[in-house]
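The primary structure of each chain is shown beneath.
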Amino acid sequence: MFRRILPIGLLILGKLTLHSAEQAKESPKAIAPAVSTETGLLLEPPLDLSYFTTERFVEMMESVGAEKIRKPWTSPVVSLPERTPTKVNGLSKDEVKAYMVQAKELFDQGKAVPVSDVGLISTQEDVIRQPMLNHVSAFANNTARVYLLVQRAASSMGWGYYSIVQDLTVDPALDYYATLKPSGPRFDGESCYKCHSSGPLAIHPTREDLVLDAPLAAAFNQHIAEQPRSRPQFLTEKPADFGEPIPFKFCARCHSTEDDADRDALYQTHSHPIRVMVDFGYMPPNRRLKPEEIAELKAWLEKKP
Ligand code: HEC
Ligand code: HEC
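A word on the site of ligand 1
Within the structure, ligand 1 sits among 25 residues, and Asp117, Cys192, Cys195, His196 and Leu201 are positioned closest to it. Here an oxygen atom of ligand 1 and a side-chain polar atom of Asp117 are 2.6 Å apart. Taking Leu201, its main chain carries an N or O atom lying 2.6 Å from an oxygen atom of ligand 1. For the shell around ligand 1, the elements supplying multiple residues, two or more each, are strand 3 (132-140), strand 4 (144-153), strand 5 (160-167), strand 6 (173-181) and helix 5 (190-193). Residue contributions to the shell around ligand 1 peak at 3 residues, all from strand 5. When its residues are assigned to classes, the shell around ligand 1 shows 14 nonpolar, 7 polar and 4 charged.

Topic: unusual backbone geometry
Residue Pro172 is reached from Asp171 by a cis peptide bond, and omega for that bond is 0°. Mapped onto the elements, Pro172 comes out in the loop between strand 5 and strand 6. Residue Met283 is joined to Pro284 through a cis peptide bond whose omega torsion reads -10°. The phi dihedral of Arg129 falls on the positive side, at around 50°, and the residue is not glycine. Position of Arg129 among the secondary structure elements: in the loop between helix 4 (120-123) and strand 3.

Overview of the packing of helix 9 (residues 271-279) against helix 10 (residues 291-302)
For the pair helix 9 and helix 10, the least separation of the axes is 11 Å and the interaxial angle reads 160°. The orientation of helix 9 with respect to helix 10, classified from their angle, is roughly antiparallel. Of the two elements, helix 9 crosses helix 10, and the hand of that crossing is left-handed. For the pair formed by helix 9 and helix 10, the contact residues are Ser271, Ile274, Arg275 and Val278 on the first element and Leu297, Trp300, Leu301 and Glu302 on the second. Tallied by class, the residues present in the contact of helix 9 with helix 10 amount to 5 nonpolar, 1 polar and 2 charged.

The rules behind the values
- Residues numbered from 1 in each chain as written.
- Chains lettered and ligands numbered in written order.
- Predicted model: local features only at pLDDT ≥ 70, side-chain atom pairs only at ≥ 80, totals over all residues.
- Heavy atoms only, no water.
- Near = heavy atom within 4 Å.
- Polar contact = N/O pair within 3.5 Å; in protein donor to acceptor, adjacent residues only side chain to side chain.
- Helix = DSSP H or I, 4+ residues; strand = E, 2+ residues; numbered from the N terminus.
- Nonpolar A, V, L, I, M, F, W, Y, C, P; charged D, E, K, R; others polar.
- Axes fitted to C-alpha atoms, helices over the stretch in contact; angles between N-to-C directions.
- Parallel < 35°, antiparallel > 145°, perpendicular 65-115°, else oblique.
- Left-handed = near helix turned anticlockwise from the far one by under 90°.
- Contact = heavy atoms within 4.5 Å.

Printed below as a string of structure tokens:
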């Protein structure tokens, strides 16, 4: 792939130019509504949220501070000041943490552009089974893509803060995951990786009215679709075994450790997002699986790693 041999500065410049040219041409594709295609892959039936009204959703979303959300926007990504990379072999952990803290500060000051939704994948999970309210914001400069998730379950009181930083100064990019505690960011890994198999995830609202500003959500997803190939930083320090990578060409041609794949490999450990993404018809992106392909996938997911 040609982009792998370009120096990083050129690569980013190239990407940005392309990005705005594309945006001028067409607005991003709207996110398809979440409707189960009844593949039998879900471990729990699709959650019935009919009791959860749009009004209740808006009220709960605003409990984070109404002035921090529904911001006017031209881009879903807030630009951070450019930085000269200080090391050749990647950002230091302190630099990564500083980005995470900066993202939280910008959100708290009302300077982020959050996408607010009830996310499908976490809500549908067998252990949660209640609306998970998300405010997702993106930030970027020439050395990092930074993401902030401000989240609460409908039944809980306070908002939790989580962050992902993609270090763009190395190739492939490295993904750092952290929970932002009052004392500062605490790095996480495996607990996030079971859903975040390839860094930040696209937004999927559980229901069409459970997202504020659908065009913003679509623009955010375009940013996610264009993200560089990355791998989790925690695996470079502590290799772990997640079972065999997904063997089916109908997934692996895009999800694999090969250089030309769109996204990093999927393993059995990613069973939850795989079941949800396929059942709700989001994956593969351009067609529905045939019954025999679903049967193969199901058998593989059920095999213990
Ligand atoms: C049960 C699956 C699941 C787990 C586990 C999980 N996440 Fe997420 N996360 C999601 C989904 C799904 C989204 C997008 C949700 C939406 O539709 O708004 C998301 C969004 C995010 C975002 C916003 C950027 C993006 O990816 O869209 C951040 C930041 C984030 N998560 C951090 C974390 C961190 C840090 C951990 C581990 C402490 C973690 N997540 C664990 C499912 C998960
Ligand atoms: C044509 C390429 C392509 C094929 C084929 C494909 N995917 Fe994806 N997949 C993507 C892209 C691009 C994303 C990120 C954007 C998004 O989530 O919409 C993604 C996202 C995902 C995610 C969320 C985690 C991540 O990497 O962001 C899961 C889980 C997933 N796909 C599962 C599957 C499964 C299972 C199959 C096979 C049944 C499959 N995909 C087939 C391109 C593909």
